[in-house]
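Observations on chain architecture
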Amino acid sequence: MDEAEFLALAEAVLARLEASIEQAAEAAGVDIDLEPQEGGILKLEFDNRSQIIINRHAAAREIWVAARSGGFHFRSEGEQWVGTRDGAELYAMLSRLISEQAGEQIQLLS
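What counts, and at which threshold
Sequence positions are assigned chain by chain, starting from 1 and proceeding in written order. For this predicted model, a pLDDT threshold of at least 70 governs which residues receive local features, and a threshold of 80 or more governs which side-chain atom pairs are given and counted, while totals over whole chains, interfaces and linings are taken from all residues. To obtain the side-chain values, all non-hydrogen atoms of the structure were included, while hydrogens and water were left out. By the criteria applied, helices consist of DSSP H or I runs no shorter than four residues and strands consist of E runs no shorter than two, each listed in order from the N terminus. The reference for a compact globule is 2.2 Å times residues^0.38; the radius of gyration itself is calculated from the C-alpha atoms. Each residue is placed in one exposure class: buried if its accessible area under a 1.4 Å probe, protein chains only, is under 20% of its type's maximum, exposed if it is over 50%, and partly exposed if it falls in between. Contacts are assigned to residue pairs with any non-hydrogen atoms lying within 4.5 Å of each other. The method behind every accessible area is Shrake-Rupley, applied with a 1.4 Å probe, and residues are considered shielded solely by the protein chains displayed. Counted as positive: Lys and Arg. Counted as negative: Asp and Glu, with His and the chain ends omitted from the count. To locate a charge, take atom NZ for lysine, CZ for arginine, CG for aspartate or CD for glutamate. Under the pairing criterion, centres of Phe, Tyr and Trp rings, with the six-membered ring standing for Trp, must be within 6.5 Å; the plane angle then separates stacked pairs below 30 degrees from edge-to-face pairs above 60, leaving the rest tilted. Side-chain atoms within 4.5 Å link the members of a nonpolar core, which is a set of buried Ala, Val, Leu, Ile, Met, Phe, Trp, Tyr and Cys residues.

The next point concerns the overall build of the protein. A count of helical and extended segments in the protein gives two helices and six strands. Its helices and strands in sequence order give the protein the pattern α-β-β-β-β-β-β-α, from N to C terminus. For 110 residues, the compact-globule formula gives about 13 Å, and the C-alpha radius of gyration of the protein, at 13 Å, lands near that figure. A principal-axis box enclosing the C-alpha atoms of the protein has dimensions of 40 × 30 × 20 Å. Burial analysis of the protein (110 residues in total) assigns 39% to the buried set. Sequence separation of 24 or more characterises 38% of the internal contacts of the protein that already satisfy a separation of 6 or more. On the protein, roughly 6100 Å² of surface is accessible, and the fraction owed to carbon and sulfur atoms is 46%. Measuring between centres, the 9 positive side-chain charges of the protein sit 6 Å from its 20 negative side-chain charges.

As structure tokens, then:
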């Protein structure tokens, strides 16, 4: 995949993630401040002031996630984004990370 294809794919994924996070947080009654930023960055801030940063990394052709519990990298494999270390699926991992930081169960739908 060339850089232009990756950027288009990553932007679509970030937009879907933003919508999914908003819906899941609303359904769970959890307040998450979502801030899309230039350069393919989505910043989530929780009531406890912790943050999760989701961004595209064009050079590696990956989606990167920085959370309180660590950093995670995801590569596109077919229709899914899969963790480079453990094979975890992006939405499943974000559901876990967001739940941990929000203190409430959040389930993202892809």
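To continue, consider the packing of aromatic side chains. Enumeration over the complete set of coordinates arrives at one aromatic pair. Look at Phe 6 and Trp 81: their rings are 6.3 Å apart centre to centre, the planes differ by 65 degrees, and that puts the pair in the edge-to-face class. Within this pair, whereas Phe 6 is found in helix 1 (residues 3–28), its partner Trp 81 is found in strand 6 (residues 80–83), the two being separated by 75 residues in sequence.

Bringing the nonpolar core into the picture now. Membership of the largest hydrophobic core comes to 32 residues, with the highest contact counts inside it found for Leu 44, Ile 54 and Ile 98. Elements with a minimum of two residues in this core: helix 1, strand 1 (32–37), strand 2 (41–46), strand 3 (51–57), strand 4 (62–67), strand 5 (70–77) and helix 2 (90–102). When residues no more than four places from it in sequence are discounted, the contact partners of Ile 98 are Ile 21, Ile 32, Leu 44, Phe 46, Ile 52, Ile 106 and Leu 108.

With that settled, the discussion passes to unusual backbone geometry. Within the chain, Arg 49 stands out as a residue other than glycine whose phi angle is a positive 75 degrees. For Arg 49, the position within the fold is in the loop between strand 2 and strand 3. Phi is positive for Arg 61, close to 60 degrees, though the residue is something other than glycine. Mapped onto the elements of the fold, Arg 61 is located in the loop between strand 3 and strand 4.

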